[in-house]
Amino acid sequence: MSSDPMLWDQVWIDINIATMQADHSEPYGAIKDAALAVKGDKVVWVGARHALPKFDSLSTPIFRGRGGWITPGLIDAHTHLVFAGSRADEFEKRLQGASYQEIAQAGGGILSTVQACRHASESELFELGRQRLNALAREGVTTVEIKSGYGLDTATELKLLRVARALGEHHHVDVTTTFLGAHAFPAEYQDNPNGYVDLIVDEMLPAVITANLADAVDVFCESIAFDLQQTKRILQAAKAAGLGIKLHAEQLANLGGSELAAELKALSVDHLEYLDEAGVKALRQSGTCATLLPGAFYFLRETQLPPIDLLRQYQVPMVVASDFNPGSSPLCSSLLMLNMACTLMRLTPEEALCGMTRNAAKALGLEQTIGVIDVGMQADFCLWDIESPAALAYSYGVNPCQQVIKKGEIIPR
């Protein structure tokens, strides 16, 4: 893309840029003492400041980064952000020795969140979601995926997805939505799991499609949830309808969900603590992303690490996401996920940041528009008061985000 410098809308100088471009020779795709120009909602020039073309400096707004770093806007590619209720009491009970089964039998667990969501109004869910989206936005997140899955009936699943769509319409953060009706079996189908799969395929999914409420479909494929046959049926129906597909898999055991996802050309497979080499090879061949969820790993006190070395060896794109949800990852912080990806899962800071930018965009099917800083890409970027990009994963508790630009618009702080 070319652009007349005399018509640029803004120019950024006194900055360093972590472009996160895959083919760049420097770590992080770094350009030090850089400059960047924006026209409309696109980046139209990026490079070393000394090479910046002449432009109309009298009429073009010039922004100085005071030596800070610009990165692509962060992307949280796996959240369950829209829900009602709290499970803090369950957290306390588990620490006092109660088992998951005991909590579930007492009406807790995911089904307690389902009941809270079924009773909550759309306005209540919207306000809760807005607050959480604001928290992510303050830490430089410019795109978020939001899953349903806490309704487990047609009306509530549609309600959750409508709220997620509305959040994207009323907030500067872009929202992609994922239908996760196959999150668990509701109480009314505990003795008829295949009947619930029928409901998903024959009623819920068509209703979601008719209302244009989802960009993708997800399934929780585990021994405690949906088996391979049920998972395949749901994902095939979604794919036939033209929706992206993804999968929760290999979190608790290796059922071969990743190989199924690869066979169906899924966008991503998420969790992956029990992924084996055959699954990694399948992901490599299909181009499916491996989404790591360090928040759930931490909160559940998991000890089985995902096969990071194998994912590196086979060059599978690794995504880092929050999995923000009330039960297993009530941690609404992108910066904390960067730190945990490094400290708990042994990623490098560059791998972690790539997992929340370039690879996260790929996991959402948006790699042609966001995730890196390059000419022609959407002007989604953040200015950070840091001395190196590694600082984003290094410390936690002080937010170094100075400015967010979304689609070329400077977001008020």
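Parameters at a glance
- Residues numbered from 1 in each chain as written.
- Predicted model: local features only at pLDDT ≥ 70, side-chain atom pairs only at ≥ 80, totals over all residues.
- Heavy atoms only, no water.
- Helix = DSSP H or I, 4+ residues; strand = E, 2+ residues; numbered from the N terminus.
- Contact = heavy atoms within 4.5 Å.
- UniProt positions renumbered as here; feature names shortened; annotations may be inferred.
- Buried < 20%, exposed > 50% of the residue type's maximum accessible area, 1.4 Å probe, protein only.
- Polar contact = N/O pair within 3.5 Å; in protein donor to acceptor, adjacent residues only side chain to side chain.
- Pairing = 2+ DSSP bridges.
- Axes fitted to C-alpha atoms, helices over the stretch in contact; angles between N-to-C directions.
- Expected span 1.5 Å × (residues − 1).

Novice: Can you tell me about the side chain of Ser258, naming the residues and giving the values?
Specialist: Within the secondary structure layout, Ser258 lies in helix 8 (residues 257-263). Excluding residues within four positions of it along the chain, Ser258 makes contact with Ala249, Glu250, Val269, Leu272, Leu275 and Leu283.

Novice: Which residues make up the UniProt feature "binding site: N-formimidoyl-L-glutamate" (unreviewed entry) in the protein chain, and what values do they have?
Specialist: Annotation from UniProt places "binding site: N-formimidoyl-L-glutamate" (unreviewed entry) at Tyr150, Asn325 and Gly327. These annotated residues cover 178 residues of sequence, but their C-alpha atoms sit close together, with the largest distance between any two at 11.2 Å. Of note, Tyr150 is situated in the loop between strand 6 (141-147) and helix 5 (154-170). Take Tyr150: its relative accessible area is 3%, and that puts it in the buried class. Looking at the secondary structure, you find Gly327 in the loop between strand 12 (318-320) and helix 12 (334-343). Apart from the residues lying within four places of it in its own chain, the contact partners of Gly327 are Arg87, Arg94 and Phe299.

Novice: Residues and numbers for the UniProt feature "binding site: Fe(3+)" (unreviewed entry) in the protein chain, please.
Specialist: Per the UniProt record, "binding site: Fe(3+)" (unreviewed entry) is annotated on His78, His80, His248 and Asp323. Maximum C-alpha separation among the annotated residues is 12.5 Å over a sequence range of 246 residues, consistent with a single clustered spot. By the secondary structure assignment, His78 is in the loop between strand 5 (74-76) and helix 1 (88-95). Judged by relative accessible area, which is 0%, His78 ranks as buried. Structurally, His248 is set in strand 9 (residues 244-249). His248 has contacts with His78, His80, Lys147, Leu180, Asp218, Val219, Phe220, Cys221, Asp270 and His271, leaving out every residue within four places of it along the chain. In terms of polar contacts, His248 uses its side chain to reach the side chain of Asp218, at 3.0 Å.

Novice: Just give me the short version of the sheet that holds strand 13 (residues 381-384), but keep the residues and values in it.
Specialist: Strand order across the open sheet formed by 7 strands is 3-2-1-4-13-14-15, with mixed pairing between neighbours. Each edge of the open sheet carries a strand with a single partner, namely strand 3 (42-48) and strand 15 (409-411). Ignoring which end each strand starts from, the neighbouring axes of this sheet average 35° apart. Across 6 bridges, the pairing between strand 1 (residues 10-18) and strand 2 (residues 30-39) is antiparallel. Looking at the pairing, Ile17 lines up with Ile31 of strand 2.

Novice: Explain helix 4 (residues 122-138) residue by residue, including any values.
Specialist: Its 17 residues give helix 4 an end-to-end C-alpha distance of 24 Å, which sits within 8% of 24 Å, the value for a rise of 1.5 Å per residue. Of all the residues in helix 4, the buried ones are Leu125, Gly129, Arg132, Leu133, Ala135, Leu136 and Ala137. Backbone geometry just after helix 4 places Gly140 at a positive phi near 90°.

Novice: Explain the side chain of Ser334 residue by residue, including any values.
Specialist: Secondary-structure assignment places Ser334 in helix 12. With a relative accessible area of 0%, Ser334 lands in the buried category. Among residues more than four places away in sequence, those in contact with Ser334 are Leu74, Leu136, Glu139, Val141 and Met356.

Novice: Break down the sheet that holds strand 11 (residues 289-292) for me, citing the residues and quoting the values.
Specialist: Spatially, 5-6-7-8-9-10-11-12 is the arrangement adopted by the 8 strands of the open sheet, whose pairing is parallel. Strand pairing shows two members of the sheet lacking a second neighbour, strand 5 and strand 12, which therefore form its edges. Pairs of neighbouring strands in the sheet enclose a mean axial angle of 25°, with direction left out of account. Strand direction decides the pairing type here: strand 7 (residues 174-182) and strand 8 (residues 216-221), joined by 3 bridges, are parallel. Note that in strand 8 the partner of Thr178 across the bridge is Ala216. With respect to the sheet, helix 7 (residues 228-240) is in contact with strand 7, strand 8 and strand 9, its orientation differing from that of strand 8 by roughly 180°.

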